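One letter stands for each residue in the lines below.
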Amino acid sequence: MVFHLDKCIGCHTCSIACKNIWTDRKGAEYQWWNNVETKPGTGYPSKWEDQDIYKGGWRRDDAGRIHLRGAGKAKGLLNIFHNPSLPTVEDYYEPFTYNYLNLIEAPAGDDQPTARPVSLITGEPIDVKMGPNWDDDLSGTPDYARNDPNFAALSPAEREAMFQLERMAFFYLPRICNHCLNPACVASCPSGAIYKRGEDGIVLINQKVCRAWRMCVTACPYKKSYYNWHSGKSEKCILCYPRIEAGYAPACMHSCVGRIRYLGVVLYDADRIQAAASAEPGELVDRQLDILMDPFDDTVIAAATANGIPDSTIKAAQDSPTYKFIKQWRMALPLHPEFRTLPMLWYVPPLLPVMASVTQTDGAQESKLHPVAKTWDDTWLYDTSTEELWGSVEQARMPLAYLASLFSAGDTAAVADRLRKLMAVRIYRRWKTVGDVSEAKMTSTLQAAGLTEQSADDIFYLTALAKFNDRFVVPPAHREQAMEMIEFTGDVKGSTGFGFREQPERGL
Ligand code: SF4
Ligand code: SF4
């Protein structure tokens, strides 16, 4: 999967599409398998990225071996009756609805009737203090955004600059289960209830085998495994696998208003997963990229065929939009690679406003440019429609160190590399359509980003014009493989993470 963050408008349509289909049930009220956070912010559940609190993911020891940070046999036994690393309802939020009936049933009176928030747990009126998109917009309020764990990577000056209104920058971060290659949730489950499907890599929880240990909730560093208090089982995103098997995109992707989401086949070398997950911090992204295979390479095709991969899946890998963004153009990065689960949802980082930054004393520039704001290092940003529109990615309002903390385990060069490509494509298109950029600037920018005019055209097409079938390349399901999976897991109903379906409870 690839999510292009420059395109997300934070409309939450994806979250609602998922909620309506999968988590509109008793015990799942608080669950948002798809949620959209505003960054900077603490997210949902609050501060999920802080593994000092939640003990999720893997850690690497001095010998280069990886271990589950907060789960595993010994730690699991120690925490069997009380697990202090589990998020509480306060960390998620107390699910609530509104007393809408009061709007039409309230007796006549002097005041306008209101719909007060009511807890979905107790049925009592509550004072709402937290929600799944509590940090929404405006960089979050300082109370919440200042607690963003990624700020630890910023200098005090950069941190303060992000809270000044005229220099503010924020972006949306839609999140679902990453269907990781090295999933900590699978490794932590004492019952063996969680598995990664062979034919498409979707990570599922067998509802009949789950014994409610909730080790997966602790172990998932993205907090994308949830406990259902009504059924007594854990649940998670199933990537709408019934839709995928029928050749459709998952509901969150299908409904995405910004068309930011891409889904496709990526072939990988499973024998190198452990080495990639155990890489040095500075090499995590490149080692994960290394195990993603070129679907046009004859050796790869032969090996895939020998391993029983159908021709239609290999063809889908060759047409895959995700392979292009992730490996061919190297424009995407995984979220928090330092958690070492090898997430398979990659993000094109947001370019955000990167406008020319020239000093105030530059008389020549001042005469033709209109100053609009200052950057964190006290240089002026100018609004212009000429070549000076673009500054360098290092001067972006969102500090590189912040994005690197999110997407590259602190490697600012990796983020700058991706942003330079985004900027080069914009400059190329400006040259091509508006014509107020010189050919020399266009050529040098493309070269510096490692792109050609052809690749810039291809990137532009997939970013801005791509139709449904370009964005979602889902190979047809192979019935024989589906039957194998059912036999493997024992029975039909409830065996494939699907047994929790029941009528939604409307309650209040
Ligand atoms: S993101 Fe999904 S696959 Fe990865 S560890 Fe969490 S629940 Fe498991
Ligand atoms: S539907 Fe698409 S554009 Fe809207 S919030 Fe979700 S990911 Fe972003």
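On a predicted model such as this, the values are computed, not experimentally measured, just so you know. (Residues numbered from 1 in each chain as written. Chains lettered and ligands numbered in written order. Predicted model: local features only at pLDDT ≥ 70, side-chain atom pairs only at ≥ 80, totals over all residues. Heavy atoms only, no water.)

(A) Structural detail: the packing of aromatic side chains. Throughout the structure, instances matching the rule amount to 20 aromatic pairs. A ring pair is formed by W48 and Y222, whose centres lie 6.1 Å apart and whose planes are at 40 degrees; its orientation type is tilted. Of this pair, W48 sits in the loop between β2 (35-39) and α2 (51-54) while Y222 sits in the loop between α9 (215-219) and β10 (225-228), and the two are 174 residues apart along the sequence. For the pair shown, W48 and Y222 are each scored as buried. Summarising the aromatic geometry, the rings of F170 and Y172 are spaced 5.9 Å apart at their centres and angled 80 degrees between planes, so their arrangement reads as edge-to-face. By relative accessible area, which is 12% here, Y172 ends up buried. Through successive ring pairs, a cluster of aromatic residues spans Y30, Y44, Y92, Y93, F96, Y98, Y100 and Y226. Across from the ring centre of W32, 4.8 Å away, lies the NZ or CZ of K19, which sits over that ring. The ring of Y227 is capped by R214, whose NZ or CZ atom sits 4.1 Å from the centre of that ring. (Phe/Tyr/Trp six-rings, centres within 6.5 Å; stacked < 30°, edge-to-face > 60°. Helix = DSSP H or I, 4+ residues; strand = E, 2+ residues; numbered from the N terminus. Buried < 20%, exposed > 50% of the residue type's maximum accessible area, 1.4 Å probe, protein only. Lys NZ or Arg CZ within 6 Å of the ring centre and 35° of its normal.)

(B) Region of the structure containing helix α21 (residues 453-465). Taking 1.5 Å of rise per residue, the 13 residues of α21 would be expected to cover 18 Å, and the 17 Å separating its terminal C-alpha atoms lies within 8% of that figure. Buried within α21 are the following residues: S455, A456, I459, L462 and T463. Take α21 and look down its axis: the buried residues cluster within an arc of 135 degrees, on one side only. In this structure, the buried residues of α21 make contact with β1 (2-4), β12 (261-262), α16 (321-328), α19 (412-433), α20 (439-449) and α22 (468-471). (Expected span 1.5 Å × (residues − 1). Arc of directions from axis to C-beta. Contact = heavy atoms within 4.5 Å.)

(C) The arrangement of the nonpolar core in detail. Grouped together as the largest cluster of nonpolar side chains are 122 residues, with contacts concentrated most on M253, W346 and F407. Counting residues per element, this core draws most heavily on α19, which supplies 10 residues. Looking at which domains feed residues into this core, each of domain 1 (2-258) and domain 2 (348-469) supplies at least three. If we skip the residues at most four places from it in the chain, M253 touches M1, F3, I176, L239, R261, Y262, L263 and F472. (Core = buried A, V, L, I, M, F, W, Y, C linked by side-chain atoms within 4.5 Å. Domains from an automatic or database assignment.)

(D) Examining a nonpolar patch on the surface more closely. On the surface, Y98, Y100, L101, L103 and I104 cluster together to form a nonpolar patch covering roughly 540 Å² of accessible area. A per-element tally of the nonpolar patch places helix α5 (residues 101-105) first, with three residues. Relative to the helices and strands, I104 is located in helix α5. Given a relative accessible area of 69%, I104 falls into the exposed group. (Patch = residues over 30% accessible without salt bridge, like charges linked within 9 Å, V, L, I, M, F, W, Y side chains within 5 Å. Areas by Shrake-Rupley, 256 points an atom, 1.4 Å probe, with all protein chains shown as cover. Salt bridge = Lys/Arg side-chain N within 4 Å of Asp/Glu carboxyl O.)

(E) Structural view of the site of ligand 1. Around ligand 1, the surrounding shell consists of C177, N178, H179, C180, P183, A184, C185, V203, C220, Y222 and K236. When the residues that make up the shell around ligand 1 are grouped by side-chain class, the tally is eight nonpolar, two polar and one charged. (Near = heavy atom within 4 Å. Nonpolar A, V, L, I, M, F, W, Y, C, P; charged D, E, K, R; others polar.)

(F) Here's a closer look at the confidence of the model for the protein chain. Per-residue pLDDT for the protein chain averages 87, and the proportion of residues at 70 or more is 83%. Per-residue pLDDT stays below 50 along residues 356-369; that stretch engages in 26 contacts with residues further than four places along the chain or on separate chains. (pLDDT = per-residue confidence, 0-100.)

(G) Expanded view of the sheet that holds strand β13 (residues 333-334). Within the open sheet, the four strands sit side by side as β12-β1-β14-β13. Their pairing is mixed. Single-partner strands in this sheet number two, and they are β12 and β13. Bridge count for β1 against strand β14 (residues 346-348) is three bridges, and the pairing is parallel. Across the sheet, residue F3 finds its bridge partner in β14, namely Y347. (Pairing = 2+ DSSP bridges.)

(H) Just the pattern of salt bridges, in detail. Under the criterion given, the structure shown has 21 salt bridges. The closest approach of N and O atoms between E37 and R175, which form a salt bridge, is 2.9 Å. Placement of E37 in strand β2 and of R175 in strand β7 (residues 171-175) is noted, with a sequence separation of 138 residues between them. For the pair shown, E37 and R175 are each scored as buried. For K129, the salt bridge is made with D127, and the minimal N-O distance between the two is 3.9 Å. Through salt bridges with shared partners, a single ionic network connects R197, E199, D200 and E245.

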